[in-house]
Amino acid sequence: MSSCESEICEFYKNKSIFITGATGFLGKALVEKLLRSCNNLSTIYILIRHKKGKTPSQRLDEFLDCKVFEKVNETFPDYRKKLVAIEGDLVEPGLGISEKDKEILKKSVHVVFHSAATVRFDEPLKIAINMNILGTKKVIDLCKQMENLKVFVHVSTAYANCDRSRVTEDVYPPPVQPEKILEAADWMDDGLMNLITPSIIKKKPNTYTYTKAIAESLVIKECKEIPCCIVRPSIIGCSWKEPIPGWIDNFNGPTALFPASGTGVLRTMLGHLDAVADLVPVDVVVNNLLAAGWFRGVGE
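Now for a look at the structure at hand. Remember, predicted model here, so these are calculated numbers, not experimental data.

Description of helix α8 (residues 190-201)
Logical step 1: With 12 residues, α8 should reach 16 Å at 1.5 Å per residue; the first-to-last C-alpha distance of 15 Å fits that figure.
Logical step 2: Taken together, the buried positions of α8 are occupied by Met193, Thr197, Ile200 and Ile201. All buried residues of α8 project into a common sector of 90° when viewed along the axis, lining one side. Along α8, exposed side chains directed more than 90 degrees from the buried face belong to Leu195, Pro198 and Ser199.
Logical step 3: Contacts from the buried residues of α8 go to α6 (125-143), α7 (178-187) and α9 (207-222).
Logical step 4: Of the residues that open α8, the one with a side-chain oxygen 3.1 Å from the backbone nitrogen of Gly191 is Asp189.
Logical step 5: Lys202 sits one or two residues past α8 and shows a positive phi near 50°.

In structure tokens:
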């Protein structure tokens, strides 16, 4: 996918794309790859919320002031005009998107990448439900109104079914039906939900894997009339090759181990010799997302 001659690039040609979670690590890499390798696309709409007194437009400018965009800036210096900030928030009713912007998205968007989620393992259950399950439903509800939608790509996790000894490319029955847990989160106060969280998530190790498993089920249930696919990356690490080797913008998860051990802060740690550190480079995940969108979007 280094040029616009591939079938995948041809699929994204003249397409308008809506991305949630674009300001995150994976989202940045996805936006950069689209701009660099599929530069003949039409528009990328990015859902961005107000944060720390900054408007979505200001946050978009900061978002682009990142080393990951240096290569695309050299190759296609006018790439900025292809990006449009859509003010909104996953936890707000209707995603917090104005009616004017909703109309633009309904008429223009061909492809949706839903990457926004809370990935904290210790997130309070109600917050995780509102972000990972209810937020997904809101995105799907918007997708149902899009007149030219070709595919909805949902970013899940390889650990959504970590309580199973073997996982295939199937969506398994959820721990509880999505509508039931959404109803419970609606009436139950935070204190009570936090108190009974262990009883609710049961075999799941945390609220993240619990809510992501239910979100997968929600996608299948709600997208009967929408072309959709689910991508399940494992632990996402630094880039392998694109746009520059070794790029990363956070110290989440195992990434923190490298500077900690390299500086001598971390000298020993307990581990299992037979355990596999299942990391995947962010550029490999991005290529999988684009390939999955193409494959499902052309009706395969």
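Additional details are given in the paragraphs that follow.
A short note on the packing of aromatic side chains
Logical step 1: Counted under the stated rule, the structure contains 7 aromatic pairs.
Logical step 2: The interplanar angle of 40° and the centroid separation of 5.1 Å between the aromatic rings of Phe25 and Trp247 together place this pair among those described as tilted. One end of the pair, Phe25, is in helix α2 (residues 25-37); the other, Trp247, is in the loop between β7 (235-237) and α10 (257-262), with 222 residues separating them in the sequence. The burial state of Phe25 is the same as that of Trp247; both residues are buried.
Logical step 3: With 6.4 Å between their ring centres and 5° between their planes, Phe69 and Tyr79 make a pair best called stacked. A residue pair is termed long-range when its members are at least 10 positions apart, and Phe69 in the loop between α3 (56-64) and α4 (70-75) and Tyr79 in the loop between α4 and β3 (83-87) qualify at 10 residues. Here Phe69 and Tyr79 have matching classes, each one buried.

Quick notes on the rules
- Residues numbered from 1 in each chain as written.
- Predicted model: local features only at pLDDT ≥ 70, side-chain atom pairs only at ≥ 80, totals over all residues.
- Heavy atoms only, no water.
- Helix = DSSP H or I, 4+ residues; strand = E, 2+ residues; numbered from the N terminus.
- Expected span 1.5 Å × (residues − 1).
- Buried < 20%, exposed > 50% of the residue type's maximum accessible area, 1.4 Å probe, protein only.
- Arc of directions from axis to C-beta.
- Contact = heavy atoms within 4.5 Å.
- Polar contact = N/O pair within 3.5 Å; in protein donor to acceptor, adjacent residues only side chain to side chain.
- Phe/Tyr/Trp six-rings, centres within 6.5 Å; stacked < 30°, edge-to-face > 60°.

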